[in-house]
Amino acid sequence: MKWICSVSLAAALTLQPAFAEDLFGPHPLTPEARDAFVTNLLKKMTLDEKIGQLRLISVGPDNPKEAIREMIKHEQVGAIFNTVTRDNIRAMQDQVMQLSRLKIPLFFAYDVVHGQRTVFPIPLGLAATWDLDAVANVGRVSAYEAADDGLNMTWAPMVDVTREPRWGRVSEGFGEDTYLTSAMGRTLVESMQGKSPADRYSVMTSVKHFAGYGAVEGGRDYNTVDMSPQRLAQDYLPPYKAALDAGSGGVMVALNSLNGVPATADSWLLKDLLRDQWHFKGITISDHGAIKELMKHGVASDPQDAVRIAIQSGVNMSMSDEYYSKYLPGLVKNGAVSEKEIDDAVRHVLNVKYDMGLFNDPYSHLGPKESDPVDTNAESRLHRADARDVARKSIVLLKNRLETLPLKKSGTVALIGPLADSQRDIMGSWSAAGKANQSVSVLQGVKNALGDKATVLYAKGANITDNKAIQDFLNQYEKGSVIVDPRTPKQMLDEAVATAKKADVIVAVVGESQGMAHEASSRSDITIPPSQLTLIDALKATGKPLVLVMMNGRPLAMVKENMQADALLESWFSGTEGGNAIADVLFGDYNPSGKLPMSFPRSVGQIPIYYNHLNTGRPYDFTRPNKYTSHYYDAANGPLFPFGYGLSYTTFTLSPVKMSAATMPRNGTVNASVTVTNTGDRDGATVVQMYLHDEMASISRPVKELKGFKRIMLKAGESQTVTFPIDVNALKFWNAKMQQVAEPGKFNVMIGLDSARTTDAEFTYL
């Protein structure tokens, strides 16, 4: 069946009944005008029309286009996701204008997590830039491309703090730190929404997953979260609050239970905290099928009970199930749910549509039909220069023995590994409308960098994994996620070794496929798969200089590989221009400046390992080991690479910390300053990080907490003084009575280029 022909807005409006004449603008985009408009519109809606607004459906096999047309005709759809082309979106909005009674526009949403058509580094890689200007540019470009496709909302940013590298969704977040995650989330909300989500090239954000999803037990996706109120308030809630304070119009509700209550059924979370305390005025949206899952959680007896609990707990919109439309009419009829509760949920849906400008122009993000691109995937729609710039900044240099890097653009380079020529994997998970055939592999990037100046030899060397069960699992959810070479492992290995022996240096691209670091891809073993470990052993045995380029979506345990490598680069999944960006770093066209947003453990047995832990009554001191202290006796303690760590092709030194005053008055400020000098012979950027420690408080406080950072660029020999203002907000914490306080006493100030090596000072808060 073909979609009905598009019609102009003016023509569509002529089909409306008299009571809808004032539905479309111009309407002032102010809260007062919105509230009056929505109140008036609610009075004109039937119960069925109201319930229809609460349904968010996905285009796909379960909802073919013919069925969607009927749903639209009967006002059974409020919004649609997973369609990303203007012609389809325009056709569905046309159907609303032509077939429905009230002509209430749909909004269209998609998972624009790290780019729409231009794919940027995964969010964990974005966090590794520690560059808010770069991240803001990612937000602006992503919003531009998403809006240019007709979208109104994105399911992003994900601000779930996590200290759990086994969790597959680590790749979607910004790491282990509350302060850094808050800064990244706030920046993306501001840049994607712009001055208004109604603007032509802005989209509304829906921050996720509320709340505490990153703390799932064992790193198993969808699992239980249980933590103290202090830890929740201090470590996990602030990034959501920062994103909402920045204006995010949406909140996606988490799939996990929090202290025994599924988030979809948690009225404290969605009403008391979100609405009453935080004064959130936007929309709450269940995650995919979460209302049905209340029965499996064991808190709802049947579908009707699940719907009643969800709507009364504060879930406004139901994502991808039919439960609201199927059961709410009966629940209202028998009095289990009041129409006032329905009105409250519908009001939030209509509010965001008003804020999106859809009641001024339902086609505002589509433009005129004649402006639709002839080729949806046209190269001209990409922003490659932006992608390359951000990808270079996300790469972290973890090791560089005897200045192995940068490589010379001469001789012969052996590029080896199962990820070296993968256009799909370099994009990472949740790559939206990005196309693998438009991404640059590492092999292509190296060839681009070297041209005819040097010889590039390539060999795959190994499969991502030889574990058939893992291959089948990953390929079940994305066909071709793991491509298995028809040759035997020995044949591939022999070819790789022979190739390596012909070269002056080996660059091995190893790690995870993108599907191994994705939703529902939790791993109990966070080492590099055995097939690739065998390859690394064989390459090391050749005696040639060995550079390992890691491609992965989580911290990996790689103690042996770190020892084997002469140089080690963490490239994450770096996006459309990843191959060119990696080559820029390998050959010195860009001096790496990335810093880790998560600690890298030595083994899975150390998890959770994070820098801002509490002390104990028996802390371990590696300089003076003692049996009766908190440590492992069978392995080195501390992370392999600490939070905030990252090297450069130049060197930097820091002066002692200088405080503007020895004391800080109540509700006053002090400044901490340090002079950074580039002591090497290359220009380079680094990230100066400030941490605080409350020496004595009413409850135990972390050994250090990030409270400021600044990325600076210094020419060789240049110095710059970096100053961090410290105010009372940096000192506050949630005490045992769940009061947010700043207690008088001494505070340590630690400034460094990572969390482990700092120069320190102190001040007293009066």
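All of these numbers come straight from a predicted model, not from anything done at the bench. (Residues numbered from 1 in each chain as written. Predicted model: local features only at pLDDT ≥ 70, side-chain atom pairs only at ≥ 80, totals over all residues. Heavy atoms only, no water.)

Asker: What's the story with the UniProt feature "domain: Fibronectin type III-like" (unreviewed entry) in the protein in this structure? I'm lost.
Answerer: Per the UniProt entry, the sites bearing "domain: Fibronectin type III-like" (unreviewed entry) are residues 686–755 in this numbering. Helix makes up 0% of residues 686–755 and strand 57%, with an end-to-end C-alpha separation of 14 Å. (UniProt positions renumbered as here; feature names shortened; annotations may be inferred. Helix = DSSP H or I, 4+ residues; strand = E, 2+ residues; numbered from the N terminus.)

Asker: When you look at the sheet that holds strand 16 (residues 567–570) in this model, what are you seeing that I'm missing?
Answerer: Remark on secondary structure: sheet strands pair via backbone hydrogen bonds, oriented parallel or antiparallel. The strand order across the open sheet built from six strands is 11-16-15-14-12-13, with neighbouring strands paired in mixed fashion. One side of each edge strand has no neighbouring strand; the edge strands of this open sheet are strand 11 (396–400) and strand 13 (455–459). Direction aside, the axes of adjacent strands within the sheet are offset by 20 degrees on average. Pairing of strand 14 (residues 505–511) with strand 15 (residues 546–551), which is carried by six bridges, proceeds in the parallel orientation. Opposite V510, over in strand 15, you have M550 as the bridge partner. (Pairing = 2+ DSSP bridges. Axes fitted to C-alpha atoms, helices over the stretch in contact; angles between N-to-C directions.)

Asker: Help me out: how do you make sense of the nonpolar core in this one?
Answerer: In terms of nonpolar packing, the biggest core is built from 210 residues, with F210, L328 and L586 touching the most fellow members. Setting aside anything within four residues of it in sequence, one finds L586 in contact with L405, P406, L407, V446, V507, V547, V549, L569 and Y649. The next biggest cluster of nonpolar side chains, apart from the first, holds 27 residues, and it includes M690, A742, V749 and Y765. (Core = buried A, V, L, I, M, F, W, Y, C linked by side-chain atoms within 4.5 Å. Buried < 20%, exposed > 50% of the residue type's maximum accessible area, 1.4 Å probe, protein only. Contact = heavy atoms within 4.5 Å.)

Asker: When you look at the sheet that holds strand 21 (residues 684–694) in this model, what are you seeing that I'm missing?
Answerer: Read from one edge of the open sheet, five strands run 19-27-26-21-22, paired in mixed fashion. In the strand order of this sheet, the two ends are held by strand 19 (663–664) and strand 22 (705–714), each with one partner. The pairing of strand 26 (residues 745–752) with strand 27 (residues 758–765) spans eight bridges and is antiparallel. Bridge pairing links G752 to T758 in strand 27.

Asker: What should I look at first to understand the pattern of salt bridges in this one?
Answerer: Two side chains carrying opposite charge are able to pair once their charged atoms lie near each other. Using the criterion set out here, one finds 41 salt bridges in the structure. Among the salt bridges present, the one from R163 reaches D235, with a minimum N-O distance of 3.0 Å. In this pair, R163 is assigned in the loop between strand 4 (153–154) and helix 8 (178–193) and D235 in helix 9 (residues 229–236), connecting sequence segments 72 residues apart. By relative accessible area, R163 is classed as buried at 5%. In this structure D235 comes out as buried when scored by relative accessible area, which is 11%. In this structure, K241 and D245 form a salt bridge, with 2.9 Å as the shortest nitrogen-oxygen distance. Highlighted residues: K241 and D245, both in helix 10 (residues 238–245), separated by four residues, approximately one helical turn. Sharing partners across several salt bridges, the network here consists of R86, R90, R117, D148, D149, R200, D372 and R381. (Salt bridge = Lys/Arg side-chain N within 4 Å of Asp/Glu carboxyl O.)

Asker: Before we go on, may I ask you to explain the environment of S630 in this structure?
Answerer: Of note, S630 is situated in the loop between helix 22 (578–586) and strand 17 (652–654). A sequence separation of eleven residues divides S630 from P619, and the C-alpha atoms of the two residues are 5.5 Å apart. When residues no more than four places from it in sequence are discounted, the contact partners of S630 are T616, R618 and Y620.

Asker: So what exactly am I meant to see when it comes to the packing of aromatic side chains here?
Answerer: To describe a pair of aromatic rings, one takes the distance between the centres and the angle between the planes. Scanning the entire structure with this criterion turns up 19 aromatic pairs. Between F81 and W155, the aromatic rings sit 6.2 Å apart at their centres with planes inclined by 80 degrees, giving edge-to-face as the arrangement. With F81 in strand 2 (residues 79–81) and W155 in the loop between strand 4 and helix 8, this pair connects stretches of sequence that are 74 residues apart. Relative accessible area serves as the criterion here: at 3%, F81 is assigned to the buried category. Where F641 meets Y645, the ring centres are 5.5 Å apart and the plane angle is 20 degrees; that geometry is what we call stacked. We note that F641, like Y645, is buried. A network of ring pairs unites the aromatic residues W130, Y179, Y611, F643, Y691 and F709 as a single cluster. Here the basic side chain of R163 rests over the ring of Y610, its NZ or CZ set 4.0 Å away from the ring centre. (Phe/Tyr/Trp six-rings, centres within 6.5 Å; stacked < 30°, edge-to-face > 60°. Lys NZ or Arg CZ within 6 Å of the ring centre and 35° of its normal.)

Asker: Looking at this structure, how should I read the domain arrangement of the protein?
Answerer: When the parts come together, some accessible area is lost, and that loss is often what is quoted as the size of the interface. If you check the domain split of the protein, you get domain 1 (31–359), domain 2 (396–593) and domain 3 (652–765). Opposite the six residues of domain 2 that make contact, domain 3 presents six residues. For the pair domain 2 and domain 3, the summed buried surface comes to about 390 Å²; carbon and sulfur atoms form 36% of the total. When the buried surface of domain 2 facing domain 3 is broken down by residue, P406, N591 and S593 rank first, second and third, together holding 82% of it. (Domains from an automatic or database assignment. Buried area = accessible area lost by both parts, 1.4 Å probe.)

Asker: Mind showing me how you'd approach the packing of helix 8 against helix 10 here?
Answerer: Pairs of packed helices are described in terms of their axes, by the angle between the two and the distance that separates them. Two numbers describe how helix 8 lies on helix 10: the axes approach to 8 Å, and their chain directions differ by 25 degrees. Relative to helix 10, the element helix 8 lies roughly parallel. Considering only the axes of helix 8 and helix 10, their crossing is right-handed. Across the interface between the two elements, T178, T181, S182, R186 and V189 of helix 8 pack against P238, P239, A242 and A243 of helix 10. Class assignment for the residues of the contact of helix 8 with helix 10 results in five nonpolar, three polar and one charged. (Parallel < 35°, antiparallel > 145°, perpendicular 65-115°, else oblique. Left-handed = near helix turned anticlockwise from the far one by under 90°. Nonpolar A, V, L, I, M, F, W, Y, C, P; charged D, E, K, R; others polar.)

Asker: Whenever I open this one, the environment of F107 confuses me. Can you help?
Answerer: Take F107: it is sitting in strand 3 (residues 107–110). With relative accessibility at 0%, the residue F107 sits in the buried group. A sequence separation of 14 residues divides F107 from Q93, and the C-alpha atoms of the two residues are 8.7 Å apart. Those residues within four positions of F107 in sequence are excluded, and the remaining contacts are G78, A79, I80, N152, M153, M317, V352, K353, M356 and L358.

Asker: What am I meant to see in the confidence of the model for the protein here?
Answerer: Do not read the fine detail of predicted coordinates wherever pLDDT is low. On average, residues of the protein carry a pLDDT of 95, and 97% of them reach 70 or more. In this model residues 1–19 is a low-confidence stretch, pLDDT under 50, and it forms 38 contacts with partners more than four residues away in sequence or in other chains. (pLDDT = per-residue confidence, 0-100.)

Asker: Before we go on, may I ask you to explain the layout of surface pockets in this structure?
Answerer: One simple way to see leftover space: roll a probe sized like a water molecule over the atoms. Considered as a void within the structure, the largest pocket measures approximately 1,200 Å³ in volume. As for the largest pocket, its lining consists of 28 residues, of which H613, Y620, N637, G638 and P639 are closest to the centre. Of the residues that constitute the lining of the largest pocket, the class distribution is 14 nonpolar, ten polar and four charged. What the second largest pocket holds in volume is close to 1,000 Å³. (1 Å grid on protein atoms, 1.4 Å probe; cavity = no way out; pocket = protein on both sides within 12 Å on 5 of 7 lines; lining within 4 Å. Points joined across faces, edges and corners; volume = space filled by probe spheres on them.)

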